[in-house]
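Chain residues, written in single-letter form:
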Amino acid sequence: MRADRLVSLVLLLRQRGRMTADELASELEVSTRTVLRDIDALSTAGVPVYADRGRLGGFSLLPGFRTELTGLNHDEALALLTAGSSHGEKVFGLSAALASAMRKVVDALPEGHRASLGEAAKRFLVEPETDLLSRRVATEDVTKEVMGEVRHAVLTGRKLRFEYAAPNKEPRWHTVDPIGLVTVRDRTYLLATKSGEDRTYRLSRMLGAEELPELAERPAQVDLDRIWAQRTAQFLSENHVPVSVRVKASRREELLNSTRAVRAEQPDAQDWVRLDVTFEDLRHAIWAVWQLGTDAELLAPDAARRAMHERAKALVARYEQ
C-alpha cells in the first residue's frame, strides 16, 4: 500500500507542480505527517523532491521519470478520463483507487495528448446530480467501513456477517455466502445465499458488516448478468400489484419514479406510452397516477379504475359551487 502511495505522490507532483503537504495529504487521504515521511523516503531513494520554504512554498519534483503508453489511442484514453470524472468513481467504494489509476494513466500518456485529452474530458458530463427539471437524482450512502468489508468478502470468497435494517422491521444480523456486487442507478446490491437460498441485500441498509474467516459456500465461476436477471424476474413476481397505465411521454419519468418495476412498455397514441408496471399496493398506484392529472390514465385493474372514479366524483362534488 505504501509503494502505491509513493507512486501516487510522485505523479501528483509531476502533473500539478508545487503542492503543499496539506494538499498532498488531502489527495492521498492520509495525514500530513505521513506525507512528510513519504517525502523523506522518496528523497532517500534518489527521487528529486525538494521543498520551497515560505508562505507560498510546498514540494516540487524535478522533471523526469516518464513512461509513455504508446498503445493507448485517443478515444481509449478519453473514455478512461471521462469515466474517472463521473459517478463511476463512487462505485464499490473504489474512489481512491480510481483516482490513483487516473493519475497513472495521465502521466503515462504521450506529451502531446495530455493537455488536449484533459480539456476534452471536461466536455462530457455523465450522470449529473440533477435532471433538466432540477430534480435531484436519488443516491444512497454506504459507509466506507461497510463497503470495504462487503467488497473484501466478495473478492476473497469468505462468509459475511452484517446488521441489516429492512423496511418497517427491526435491524437483524445475517450471515451469508456472498456471490457478487451489482450497482444500478447508484444503488448497490449484494447478491448472496443464506442457508442455500438466494438473497439480495441493499448495501445502504447495512448498519455494520464484518468479514468472517470461514470460506463461503459458492461456485467457483459466476455469471452475474444471468443471476441478476433471474432475481429481477423473481422480485417482479412477488408481493407487488401489477398495473397498466397510459401516460404522456413527457411525464413518463415522473410516473416511473413512483413505481417498483417496469414489466412492459410500448407506444400508444401520439406522445403517449402504455406501461405495465408494479406498485407496492393499489393505494400507492392510485396516488401515483392521480398526481399526473389528465396526463395519465389508469387502465387496469378495474378496482383501481373504480377507486379513481370515486375520488374524482368526490372532488367534483366538493368544488361544484
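What counts and what doesn't
Residues numbered from 1 in each chain as written. Predicted model: local features only at pLDDT ≥ 70, side-chain atom pairs only at ≥ 80, totals over all residues. Heavy atoms only, no water. Pairing = 2+ DSSP bridges. Helix = DSSP H or I, 4+ residues; strand = E, 2+ residues; numbered from the N terminus. Axes fitted to C-alpha atoms, helices over the stretch in contact; angles between N-to-C directions. Contact = heavy atoms within 4.5 Å. Expected span 1.5 Å × (residues − 1). Buried < 20%, exposed > 50% of the residue type's maximum accessible area, 1.4 Å probe, protein only. Phe/Tyr/Trp six-rings, centres within 6.5 Å; stacked < 30°, edge-to-face > 60°. Lys NZ or Arg CZ within 6 Å of the ring centre and 35° of its normal. Parallel < 35°, antiparallel > 145°, perpendicular 65-115°, else oblique. Nonpolar A, V, L, I, M, F, W, Y, C, P; charged D, E, K, R; others polar. Salt bridge = Lys/Arg side-chain N within 4 Å of Asp/Glu carboxyl O. Arc of directions from axis to C-beta.

> What should I look at first to understand the sheet that holds strand E7 (residues 206-215) in this one?
Ordered in space as E6-E5-E4-E3-E7, the five strands form an open sheet in which the pairing is antiparallel. The outermost strands of the open sheet, each flanked by one partner alone, are strand E6 (197-202) and E7. Between one strand and the next, the sheet's axes are offset by a mean angle of 45 degrees, whatever the strand orientation. Sheet topology places strand E5 (residues 187-194) next to E6; six bridges connect them, and they run antiparallel. Bridging from a neighbouring strand, Ala192 pairs with Arg199 of E6. Lying on the sheet, helix H7 (residues 144-156) is in contact with strand E3 (158-164), strand E4 (172-184), E5 and E7; it crosses E7 at an angle near 25 degrees.

> Explain helix H3 (residues 32-44) here, please?
Residues spaced three or four apart along an α-helix face the same direction, because each turn holds 3.6 residues. In this model, H3 (13 residues) spans 19 Å end to end at C-alpha, consistent with the 18 Å of a helix rising 1.5 Å per residue. Positioned one or two residues after H3, Gly46 has a phi angle of 95 degrees, which is positive.

> Is there a simple way to think about unusual backbone geometry in this case?
What is expected of a backbone is that most residues other than glycine have negative phi and most peptide bonds are trans. Ala300 connects to Pro301 through a cis peptide bond whose omega is 5 degrees. Within the secondary structure layout, Pro301 lies in the loop between strand E11 (296-300) and helix H11 (302-319). One non-glycine residue, Ser195, lies in positive phi territory at about 55 degrees. Of note, Ser195 is situated in the loop between E5 and E6. Judged by its relative accessible area of 75%, Ser195 falls in the exposed class.

> Before we go on, may I ask you to explain the packing of aromatic side chains in this structure?
Given two aromatic rings, one states the distance between the centres and the angle between the planes to describe the pair. Per the stated rule, a full pass over the model turns up four aromatic pairs. Taking 6.1 Å as the distance between ring centres and 70 degrees as the angle between the ring planes, the aromatic pair formed by Phe162 and Tyr164 counts as edge-to-face. Each member of the pair, Phe162 as well as Tyr164, carries the same accessibility label: buried. On the basis of an interplanar angle of 50 degrees and a centroid distance of 5.4 Å, the ring pair of Tyr189 and Trp228 is categorised as tilted. Here Trp228 lies in helix H8 (residues 224-237) and Tyr189 lies in strand E5, a separation of 39 residues in the sequence. A relative accessible area of 15% means that Tyr189 is categorised as buried. The structure contains a cluster of three or more aromatic residues connected by ring pairs, namely Phe162, Tyr164 and Tyr201. Lying across the ring of Trp173, Arg161 places its NZ or CZ 4.1 Å from the centre.

> What is the right way to read the side chain of Ser60 from this model?
Examined against the element boundaries, Ser60 turns out to sit in strand E2 (residues 58-61). Judged by relative accessible area, which is 6%, Ser60 ranks as buried.

> Would you mind showing me how to read the packing of helix H2 (residues 21-28) against H3 here?
When two helices pack together, their arrangement is captured by the angle between the axes and the distance separating the axes. Where H2 contacts H3, the axes come no closer than 8 Å and their chain directions differ by 105 degrees. Classed by the angle they form, the pair H2 and H3 counts as roughly perpendicular. Across from Ala21, Asp22, Leu24 and Ala25 in H2, the residues of H3 making contact are Thr32, Val35 and Leu36. Grouping the amino acids of the contact of H2 with H3 by side-chain chemistry returns five nonpolar, one polar and one charged.

> Explanation requested: the pattern of salt bridges in the structure shown.
Any two side chains of opposite charge can pair, on the condition that their charged atoms come close. Overall, the coordinates contain 14 salt bridges when judged by the stated rule. Among the salt bridges present, the one from Asp268 reaches Arg246, with a minimum N-O distance of 2.6 Å. One end of the pair, Asp268, is in the loop between strand E9 (261-267) and strand E10 (272-279); the other, Arg246, is in strand E8 (residues 241-248), with 22 residues separating them in the sequence. For Asp268, a relative accessible area of 28% gives the class partly exposed. Salt-bridge contacts for Glu265 lead to Arg252; the nearest nitrogen and oxygen are separated by 2.8 Å. One end of the pair, Glu265, is in strand E9; the other, Arg252, is in helix H9 (residues 252-256), and 13 residues separate them in sequence. It is possible to trace a salt-bridge network through shared partners that takes in Arg246, Asp268, Arg274, Glu297 and Arg305.

> Quick question: what am I supposed to make of H2 here?
Residues of H2 that are buried include every one of Ala21, Leu24, Ala25 and Leu28, and no others. Projected down its long axis, H2 shows its buried positions confined to an angular sector of 100 degrees, all on one face. For H2, exposure combined with an orientation more than 90 degrees from the buried face picks out Asp22 and Ser26. One or two positions beyond H2, positive phi appears at Glu29, with a value near 60 degrees.

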